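# What the coordinates show
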Number of protein chains: 2
Amino acid sequence: MSEKTEKEQKKKDAKKGELGGKAEKVINLCLRRGILFPTGEIYGSFAGFFDYGPVGVEMERNLEAAWWNHFVHSREDVVGIDGAIITHPTVWKASGHCDAFNDPLVECRKCKSRFRADQLIEDELKISVDGITLKQLDELIKEHKLVCPKCRSELSSSKVFNLMFKTHIGAVEDDSSLAFLRPETAQLIFVDFKTAQFVSRKQLPFGIAQIGKSFRNEIAPRNFVFRSREFSQMELEFFIHPTKVNNCPFLNKHVLETKINVCTAEMQAKGGMGEVVEMSVKELVEKNIVKTKWHAYWIVESLNWFHSLGIHPENLRIREHLKEELSHYSSETWDVEYNYPWGWKELEGIANRGDFDLKQHAKFSGKDLSYFDAEKGERVTPIVIEPSWGLERTLFTLLLDAFEEKVENGKAKLVLRLHPTIAPVRVGVFPLMKKDGLAEKAREVCESLKKEFACEYDEAGSIGKRYARMDEIGTPYCVTIDYDSLEKNTLTLRERDSAKQVVLPVKALKETLQKLFSGSISFSEAGKPVT
Amino acid sequence: MSEKTEKEQKKKDAKKGELGGKAEKVINLCLRRGILFPTGEIYGSFAGFFDYGPVGVEMERNLEAAWWNHFVHSREDVVGIDGAIITHPTVWKASGHCDAFNDPLVECRKCKSRFRADQLIEDELKISVDGITLKQLDELIKEHKLVCPKCRSELSSSKVFNLMFKTHIGAVEDDSSLAFLRPETAQLIFVDFKTAQFVSRKQLPFGIAQIGKSFRNEIAPRNFVFRSREFSQMELEFFIHPTKVNNCPFLNKHVLETKINVCTAEMQAKGGMGEVVEMSVKELVEKNIVKTKWHAYWIVESLNWFHSLGIHPENLRIREHLKEELSHYSSETWDVEYNYPWGWKELEGIANRGDFDLKQHAKFSGKDLSYFDAEKGERVTPIVIEPSWGLERTLFTLLLDAFEEKVENGKAKLVLRLHPTIAPVRVGVFPLMKKDGLAEKAREVCESLKKEFACEYDEAGSIGKRYARMDEIGTPYCVTIDYDSLEKNTLTLRERDSAKQVVLPVKALKETLQKLFSGSISFSEAGKPVT
């Protein structure tokens, strides 16, 4: 299928629902199983804020832990922090967010509905307006006679709308008490750079990581958790000596040979947003497509992490930001994009923030935020590469990528082929029946596994129904205790992805599961196949 | 020492600093090692908001994980959620927070400084004014001629000040867009009760747990992280059939025999806040001192958890709230109190919230939030017992309880006898020297442990200094690689608490550490003692 027809097909699919058929099904699953759902639903709609339910919170915690393990604990060159959501308000003056963190807003002159001017134009005219001015937006609205999508009345001219949520500290509500909910976690890292460096005694290059909530007062939150007003970020600021941005020890032969799906700015200029070519990391750095080696390294490392969580590599590409798209702090940004049912869109951003933030905070605070290079005996301001993830977007993408629907006997059957690291339940344990001591035996087995793996005991409904419930939340393995378990002390182990079953001794279960999760044996080696 | 002289001694100690000598030292440690410190410090003071640094964030994550493991994962009757910080504003009308979540505020007529009237009176007059009216506060101020502590001018009369931070959703700032930052996580659980119950298929009694940030616009934040404006809560709402509040299967003979330090409302009326007597759980429930058995159970379970983290049991007591102290939603509250350098104060609250919250939300939303009792075929509104912790307060208390200062050769030496579960680093790994391949060997050992335990490699400064650095952040064990390691493949293992050392083979290290952490061997069994 050509790029163009593929796009058209996707648009058709998308008509089935706002985000396309598959995405709608995953959203339905999220709502039905209480993974993620709109907050305060009993009080009606409240757009842009979500709660995690019992299944979702375990996925969220697993994803956080997987990220922290990969990017902090398993590395000697990264430490963590956890900064406040409400911090000193001058932080946002220095960072540029007070001045530059805006969206263009238009209002309907009649019904007073508010819209993002750029989104409205993109939706109506199907063109990209990234980086154009308010005046140009107004001209487009006038030229194409765009009206309010709700009541078809005239629209106001575009105004600047700052996306930071405001609040007031203390009893008086005036300018002196004004504060903001952080729109990104990154600034806390910059503000704490000196302290974190001093107490951790890390030398350049090193990184500071953080997971936490951020808030953006989106004019039009939409696409489920993709553009919400409250969300979690997982961010890493990696600080590099300014003369050593190409001095990256991790770009070895093996890494350089890695092949990546790429969409450069040049390709976009020529052929549009949908283009993809495969390139090696070597090509990317040698042809100066990615301008610094450390930037290339963090791109590869990000992709590696996604692969380690089981995302299909063919659904990932990296795309260079066009000049007019770049944030005010960035000289170069590459997005890791996922091939969503509604097209390639950002999953993660990897920006070169240069020395912008540290210099701004040094200027506004009057404090020295430079780093002392003991070798050369001079103070330098590090260059920063920032890989930045939205937690909910990452989680939703993992669900989407793992989602599969089969029709069996005329019934839709859902399987979430989620990586065991993210799965909210790793082992389901069922008694075949509640009676004859099977329930007690199954509970005993469940208890024996609990310390090692997240387990869930389930005795309700037919075995088939219990498998189905586990399949759709991504439980990799299920154990069934039957009459043989009482007589021969064996059990049946079922693999989610193949739906195959093997029989093994109860006493071998824990070790077998450990081996399966570590990948040291395949499922067929786990026991005697059930035919 | 009698209660009274003990109190006086503490007041004397407290004069050394706002919170007493030991607390000040722990705060200094927090600041010096970057555990917890004021946010945005480079921009000057911004009271009531804190950041965790590299060491602190690991303690925070460990504490969260320990809580979640104990109260969610290891139980079949508790599930988790993670709700939004900004939720539907009607939630706070229903919960009573819009009307009743207030502090009394007085203002200096001259310098315009603002104070909490009750705190000001308590500080100046050394009396407790819990639960008295605004009018009574004003009368006390008048009677005792209290003035502004800053400029000694006249104070205004007391006003009601609501502690919720306000913000506006969307582009217009009016009443229709007004929203609040949650002042407690609990309400998200009540609002999600039906969804969480439905998707988890739990039957009464069961609990819903949550960890997350809450915000309170304190008039006068103080005492380091004890009264801050942004903090994390760990809350559990346990839902019980209204006719079965005394039907608790966990109150077995062993639990009933447990002895607890108690301060009842009656004791407070007679002898003051400092009284403590030891009682068994049996006494507490049989004499109806704690009114319901499930309440008694959650008190014991909370204490058990603190004990499992190594808090000295003699520093804990439970204290009953006086009638006038009770929150608007509570019929009975017991605090777990810690014996701080400044006296017994709340560490955790355990409230009986009755059916207040579910009924309020049912009333305000018009939705049925009752539970269907299949056995009796009727709908009931559950009774709720709520154990609620502040994460930062718990962490600070753990640090305080674990803190010890010794003077060795005229130098102060700090040891944090932190439980290994909370310790930010579990194993420190040092080469005796950097040269002769010792550093490489030590790094190799560190790598081999990393997957299992949080490790830190350190080669800077003398071995003594490295031990000291590890001791003060609570690292339970340190490994030193010396010349014997190269020749005989042995290493030296040092225990933080005894400062004793043993020699063991490198290849036995991982298993030895596992045994030490699980408590299956003592340190003297870990190797050959170094004399």
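Keep in mind that what you see is a predicted model, and the values were worked out from it rather than measured.

What counts as what
- Residues take numbers from 1 onward in each chain, read along the sequence in its written order.
- Naming scheme: in the order in which they are written, chains are lettered from A and ligands are numbered from 1.
- It should be noted that, the model being predicted, local features are given only for residues of pLDDT at least 70 and side-chain atom pairs only at 80 or more, the latter also being counted only at that level, while totals for whole chains, interfaces and linings use all residues.
- Hydrogen atoms and water are omitted, and side-chain values are computed over all heavy atoms in the structure.
- Of the two site types, the cavity is a set of points on a 1 Å grid over the protein atoms alone where a 1.4 Å probe fits but cannot get out, and the pocket is an open set with protein on both sides within 12 Å along at least five of seven lines, each lined by residues with an atom within 4 Å of a point.
- Grid points are joined across faces, edges and corners, and a volume is the space filled by probe spheres set on the points.
- Put simply, DSSP marks the helices as runs of H or I at least four residues long and the strands as runs of E at least two long, and each gets a number from the N terminus on.
- Gly is put with the polar residues, along with every residue not named as nonpolar or charged; the nonpolar set is Ala, Val, Leu, Ile, Met, Phe, Trp, Tyr, Cys and Pro, and the charged set is Asp, Glu, Lys and Arg.
- Known as pLDDT, the predictor's confidence for each residue is given on a scale from 0 to 100.
- Contacts are residue-level and defined by heavy atoms, with any inter-residue pair within 4.5 Å sufficient.
- Note: two strands are recorded as paired if DSSP finds a minimum of 2 bridges between them.
- Where helices are involved, their axes are fitted lines through C-alpha atoms of the stretch in contact, as for all axes, and angles between N-to-C directions lie from 0 to 180°.
- Boundaries between domains were set according to an automatic or database domain assignment.
- Our superposition of the copies is a least-squares fit, built on the C-alpha atoms of residues whose pLDDT is at least 70 in both.
- Three exposure classes are used, based on accessible area relative to the maximum for each residue type with a 1.4 Å probe and protein chains only: buried under 20%, partly exposed in between, and exposed over 50%.
- It is the directions from the helix axis to the C-beta atoms that the arc portrays.
- When the centres of two rings from Phe, Tyr and Trp lie within 6.5 Å, Trp using its six-membered ring, the rings pair. Their planes under 30 degrees apart give stacked, over 60 give edge-to-face, and anything left gives tilted.
- Placement of a charge over a ring requires the Lys NZ or Arg CZ to be within 6 Å of the ring centre, with the centre-to-atom vector within 35 degrees of the ring normal.

What follows is about empty space enclosed by the protein. For the coordinates displayed, the defined rule picks out two cavities of 30 Å³ or more. Considered as a void within the structure, the largest cavity measures approximately 80 Å³ in volume. Leu 36, Phe 50, Tyr 52, Lys 213, Ser 228, Glu 230, Phe 231 and Glu 392 of chain A together with Asp 82 and Gly 83 of chain B together form the lining of the largest cavity. Elements with a contribution of two residues or more to the lining of the largest cavity: strand E2 (50-52) and strand E10 (230-240) of chain A. Taken together, the residues of the lining of the largest cavity break down into four nonpolar, two polar and four charged. By volume, the second largest cavity is sized at about 70 Å³. In terms of lining, the second largest cavity is formed by Leu 36, Phe 50, Tyr 52, Lys 213, Val 225, Ser 228, Glu 230, Phe 231 and Glu 392 of chain B. Looking at the lining of the second largest cavity, the elements with two or more residues in it are strand E2 (50-52) and strand E10 (230-240) of chain B.

A few words on the confidence of the model for chain A. Mean pLDDT over chain A: 93, with 96% of residues reaching 70 or higher. A low-confidence stretch, residues 12-17 of chain A (pLDDT under 50), is modelled with five contacts involving residues beyond four sequence positions or located in other chains.

Attention shifts here to the sheet that holds strand E22 (residues 455-457) of chain B. Residue and element names in this part refer to chain B. The strand order across the open sheet built from six strands is E22-E21-E23-E24-E25-E26, with neighbouring strands paired in mixed fashion. Only two strands of the sheet have a single neighbouring strand rather than two, namely E22 and strand E26 (528-529). Sheet topology note: the strand E21 (residues 427-431)/strand E23 (residues 477-481) ladder contains five bridges and is parallel. Paired with Val 427 across the strands is Tyr 477, a residue of E23. Those strands touched by helix H19 (residues 509-518) are E21, E23, strand E24 (490-495) and strand E25 (501-505), and its axis lies near 15 degrees from that of E24.

This part covers the domain arrangement of chain A. For chain A, the assigned domains are domain 1 (60-87 + 174-398), domain 2 (102-162) and domain 3 (425-529). Each of domain 1 of chain A and domain 3 of chain A has a C-alpha centre, and these two points are 40 Å apart.

All right, on to the relation of the copies chain A and chain B then. Aligned on chain B, chain A shows an RMSD of 0.0 Å; the corresponding rotation is 180 degrees and the shift along the axis is 0.0 Å. Look at the turn and shift together and you get a two-fold axis relating the two. Looking at the rotation axis and the C-alpha trace of chain A, the residue lying nearest is Thr 167 of chain A, at 2.6 Å.

Attention shifts here to H19 of chain B. Residues and elements named next belong to chain B. Taken as a whole, H19 has its buried residues at Leu 509, Thr 512, Leu 513, Leu 516 and Phe 517. Taken around the axis of H19, the buried residues stretch over an arc of 130 degrees, which confines them to a single face. Residues of H19 that are buried make contact with E21, helix H16 (438-450), E23, E24 and E25. Just downstream of H19 lies Gly 519, where phi reads positive at about 80 degrees.

Residue and element names in this part refer to chain B. Side chains of E25 alternate between two faces, with Val 502 and Leu 504 buried and Gln 501, Val 503 and Pro 505 left unburied. With five bridges connecting them, E24 and E25 associate as antiparallel partners. Along E25, the bridge assignment pairs Arg 494 with Gln 501. From the end of E24 to the start of E25, which pair antiparallel, there are five residues, and Ala 499 there has a positive phi angle of about 60 degrees.

With that settled, consider the sheet that holds strand E26 (residues 528-529) of chain A. Residue and element names in this part refer to chain A. One open sheet holds the six strands; their spatial order is E22-E21-E23-E24-E25-E26, and the pairing between them is mixed. Every interior strand has two partners, whereas the edge strands, strand E22 (455-457) and E26, have only one. Of the strands in this sheet, strand E21 (427-431), E22, strand E23 (477-481), strand E24 (490-495) and strand E25 (501-505) touch helix H17 (residues 463-473), which is tilted by about 170 degrees from E21. Sitting on the sheet, helix H19 (residues 509-518) is in contact with E21, E23, E24 and E25, with an inclination near 15 degrees to E24.

All names here are of chain B. Applying the stated rule across the entire model yields 64 aromatic pairs over all chains. Judged by centre distance (4.8 Å) and plane angle (15 degrees), the rings of Tyr 340 and Trp 342 are stacked. Since its relative accessible area comes to 0%, Tyr 340 is described here as buried. Of note, Arg 426 hangs over the ring of Phe 517, and the distance from its end group to the ring centre comes to 4.1 Å. The cationic tip of Arg 443 hangs over the ring face of Tyr 457; the distance from NZ or CZ to the ring centre is 4.2 Å.

The next thing to look at is the environment of Lys 515 of chain B. Residue and element names in this part refer to chain B. Tracing the backbone shows Lys 515 in helix H19. Residues Lys 515 and Lys 528, 13 residues apart in the sequence, show an inter-C-alpha distance of 16 Å. Those residues in contact with Lys 515, other than ones at most four positions away along the chain, are Ser 520 and Ile 521.

So, about the side chain of Glu 320 of chain B. Mapped onto the elements, Glu 320 of chain B comes out in strand E13 (residues 316-320). Ignoring any residue separated from it by four or fewer positions in sequence, one finds Glu 320 of chain B in contact with Cys 263, Thr 264, Ala 265, Gln 268, Ile 289, Lys 291, Glu 325, Thr 333 and Trp 334 of chain B.

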